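# Understanding the architecture of this molecule
Chain by chain, the residues:
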Amino acid sequence: MRLTLKIFRYDPNTSAGPHYDRFQVEADPNDRVLDLLEAVRGDQDDTLSFRRSCAHGVCGSDAMRINGLNALACKVLVKDLNSDTIQIEPLLGLRVEKDLIVDMEPFFAHYRSILPYLINDEPLPEDGKERLQSEAERERFDDTTKCILCAACTTSCPSFWADGQTIGPAAIVNAHRFIFDSRDRGRLKRLKILAGQAGVWRCRTAFNCTEACPRDIHITRAIAEVKQEILKHS
Ligand code: SF4
Ligand code: F3S
Ligand code: FES
């Protein structure tokens, strides 16, 4: 089948402002959008810029807007789009560096702000090996361990679009992963951060984040659980 790709272009080194370029490509229904981008870059325009690494939905580097919805280009199949024209644009809410590449630093700064690592200064158990937890304790935060930091959720959140200061759903998901880990002792520190002005109360339960997540994480539910935890400790 023959498809048109309408791709957002921006190069800060030229005088041309942001615009769209159209490319005709031959595609198989089972091709992924990433395959089409590779075909354009390989055969038609080697200046086309986008991020990718694993090509298998693991690294989180190729999140972009595909026909208006945030997704990983390596996970979206042509046949699922059901359209002769595919519009591909960079994520919203982050500065465009070139074409489909955005500056991820504000996103990672929000991620770092919630202390995304295990905090526990207590002595190790007597065998000196590991801090054990039950299956139920591990299950408690299993869903939020699946995050690959692709930013599809945060950049689909209206509260984040408003000013970029909102900590965003991805940071809350990663805070949840430690807040509900029975081995962690940094819970109160994180809850204090998330109770702040840019934290969980900026969430208006829009659900865009949950719909955008390529890992099917129940993000809005995780945010609600963190909100409840803050209220419990306030
Ligand atoms: Fe991506 Fe989902 Fe993690 Fe958000 S929660 S960064 S959408 S994997
Ligand atoms: Fe934003 Fe998700 Fe809340 S889209 S408003 S963080 S439910
Ligand atoms: Fe790694 Fe798509 S290229 S998730």
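The structure reproduced in this document is the subject of the present report.

Here is what the cut-offs are and how they apply
- Residues numbered from 1 in each chain as written.
- Chains lettered and ligands numbered in written order.
- Predicted model: local features only at pLDDT ≥ 70, side-chain atom pairs only at ≥ 80, totals over all residues.
- Heavy atoms only, no water.
- Near = heavy atom within 4 Å.
- 1 Å grid on protein atoms, 1.4 Å probe; cavity = no way out; pocket = protein on both sides within 12 Å on 5 of 7 lines; lining within 4 Å.
- Sits in = over half its atoms within 2 Å of the grid points.
- Nonpolar A, V, L, I, M, F, W, Y, C, P; charged D, E, K, R; others polar.
- Axes fitted to C-alpha atoms, helices over the stretch in contact; angles between N-to-C directions.
- Helix = DSSP H or I, 4+ residues; strand = E, 2+ residues; numbered from the N terminus.
- Parallel < 35°, antiparallel > 145°, perpendicular 65-115°, else oblique.
- Contact = heavy atoms within 4.5 Å.
- Buried < 20%, exposed > 50% of the residue type's maximum accessible area, 1.4 Å probe, protein only.
- Arc of directions from axis to C-beta.
- Points joined across faces, edges and corners; volume = space filled by probe spheres on them.

## Points about the site of ligand 1
- Ligand 1 sits among 13 residues. The nearest are C147, C150, A151, C153 and C213.
- Assessed atom by atom at 2 Å from the grid points, ligand 1 resides in the largest cavity.
- Looking at side-chain class alone, the shell around ligand 1 contains twelve nonpolar, no polar and one charged residues.

## Considerations on the packing of helix 7 (residues 187-194) against helix 9 (residues 219-233)
- Contact geometry of helix 7 with helix 9 gives a least axis separation of 10 Å together with a crossing angle of 105 degrees. Overall, the two elements helix 7 and helix 9 adopt an arrangement that is roughly perpendicular. Note on element contacts: helix 9 touches helix 7 through V226, E229, I230 and H233, opposite R187, L188, L191 and L194.
- In terms of residue class, the contact of helix 7 with helix 9 is made up of five nonpolar, one polar and two charged.

## Looking at helix 7
- Turning to helix 7, its buried residues number three or more, namely R190, L191 and L194. Across the axial projection of helix 7, the buried residues extend over an arc of 100 degrees, all falling on one side. Exposed and oriented more than 90 degrees from the buried face of helix 7 are L188, K189 and K192.

## Topic: empty space enclosed by the protein
- By the definition in use, this model includes one cavity of 30 Å³ or more.
- Of the voids in this model, the largest cavity is the one considered here, and its volume is about 80 Å³.
- Around the largest cavity, the lining is made up of 14 residues, and of these C147, I148, C150, C153 and C213 lie nearest the centre.
- Here the residues of the lining of the largest cavity are counted per class, giving 13 nonpolar, no polar and one charged.

## Concerning the site of ligand 2
- Near ligand 2 the following residues occur: C157, P169, C203, R204, T205, A206, F207, N208, C209, T220 and I223.
- For the shell around ligand 2, the secondary-structure elements that each account for two or more residues are helix 8 (208-212) and helix 9.
- When grouped by side-chain class, the residues that make up the shell around ligand 2 number seven nonpolar, three polar and one charged.

## Quick notes on the environment of P125
- Positionally, P125 belongs in the loop between helix 3 (105-113) and helix 4 (135-139).
- A residue is classified by how much of its surface remains accessible, and P125, at 32% relative accessible area, is partly exposed.
- Expressed as a C-alpha distance, the spacing of P125 and E97, which sit 28 residues apart in the sequence, is 48 Å.

Interpretation note: all reported values are geometric properties and have no functional meaning in isolation.
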